[in-house]
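# A structural walkthrough
Below are the chains, spelled out letter by letter.
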Amino acid sequence: MPNRQTTVRQLLDRFGTTYAAEAGIALRDKPSPLYELLVLATLLSARIRADIAVSAARELFSAGLRTPRRMLDATWQERVDALGRGGYVRYDESTATRLGEGAQLLLDTWRGDLRRMRSPHREIQKFPGIAETGADIFCREVQAVWPRVRPFFDQRALDAARHHGLPADPRGLAELVKPDQVATLAAALIRSTLAH
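### A short note on the packing of helix H6 (residues 76–85) against helix H7 (residues 92–110)
Where H6 meets H7, the axes come as close as 9 Å, and the angle between the chain directions of the two elements is 125°. With respect to H7, the axis of H6 lies oblique. In this structure, the crossing between H6 and H7 has a hand that is right-handed. Residues Trp76, Arg79, Val80 and Leu83 of H6 touch H7, and the partners they reach there are Asp92, Glu93, Thr95, Ala96, Thr97, Leu99 and Gly100. Considering only residue class, the contact of H6 with H7 consists of five nonpolar, three polar and three charged.

Right under this line is the structure:
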């Protein structure tokens, strides 16, 4: 057991930053930060480097696009420009459209509040540009403030855990950290795969 604890401590020390934290999202169980996480998951879902997606999210948030209403009220060009400032140029136009459509869907279906979703992993995939990978990203991160999703480790995180000699099942991994560290451990496992 000490070996596992040492491995976990090393993973958290070296890679223990969630993408939400890196994007400057003060994640709380409130509509606006949850929406910001949805935007980030949308950006991370494209075939683009994570640091560029994070930078683009920061630009969108700096432009005041932190709620579905603000995203929808922004022009398509304003969204494209913010994405471009973040270096998200390859997919800027299609993503600007998806963000507008996603904001409308959120307002129409859940009255702007993701907390109204009954089955987050399944329902988050209804948003344009978010397939299973994007839903995995969202659930990995949102478990920090949604205990009902915890413990969530997608297959990629479980494969990384196995590689590091840790349990390859969500409950076994969650038992290695405090409840408020589960999302951070999931992020650390993912980031450890990107460091090779």
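### Examining the nonpolar core
Counting residues in hydrophobic clusters, the biggest one holds 68 residues, and the most contacted among them are Leu114, Phe138 and Leu189. Of all the elements, helix H3 (residues 31–44) adds the most residues to this core, at nine residues. If near-sequence neighbours (up to four positions away) are discounted, Leu189 is found in contact with Leu11, Phe153, Ala157, Ala160, Ala161, His164, Leu166 and Leu173.

### What about helix H12 (residues 182–194)?
Taking 1.5 Å per residue as the helical rise, H12 with its 13 residues ought to reach 18 Å, and the 19 Å between its terminal C-alpha atoms agrees with that figure. Where burial is concerned, most of H12 is hidden: ten out of the 13 residues are buried. Inspection of H12 places Val182, Ala183, Leu185, Ala186, Ala187, Ala188, Leu189, Ile190, Arg191 and Ser192 among the buried residues, and these make up the whole buried set.

About the criteria used
- Residues numbered from 1 in each chain as written.
- Predicted model: local features only at pLDDT ≥ 70, side-chain atom pairs only at ≥ 80, totals over all residues.
- Heavy atoms only, no water.
- Axes fitted to C-alpha atoms, helices over the stretch in contact; angles between N-to-C directions.
- Helix = DSSP H or I, 4+ residues; strand = E, 2+ residues; numbered from the N terminus.
- Parallel < 35°, antiparallel > 145°, perpendicular 65-115°, else oblique.
- Left-handed = near helix turned anticlockwise from the far one by under 90°.
- Contact = heavy atoms within 4.5 Å.
- Nonpolar A, V, L, I, M, F, W, Y, C, P; charged D, E, K, R; others polar.
- Core = buried A, V, L, I, M, F, W, Y, C linked by side-chain atoms within 4.5 Å.
- Buried < 20%, exposed > 50% of the residue type's maximum accessible area, 1.4 Å probe, protein only.
- Expected span 1.5 Å × (residues − 1).

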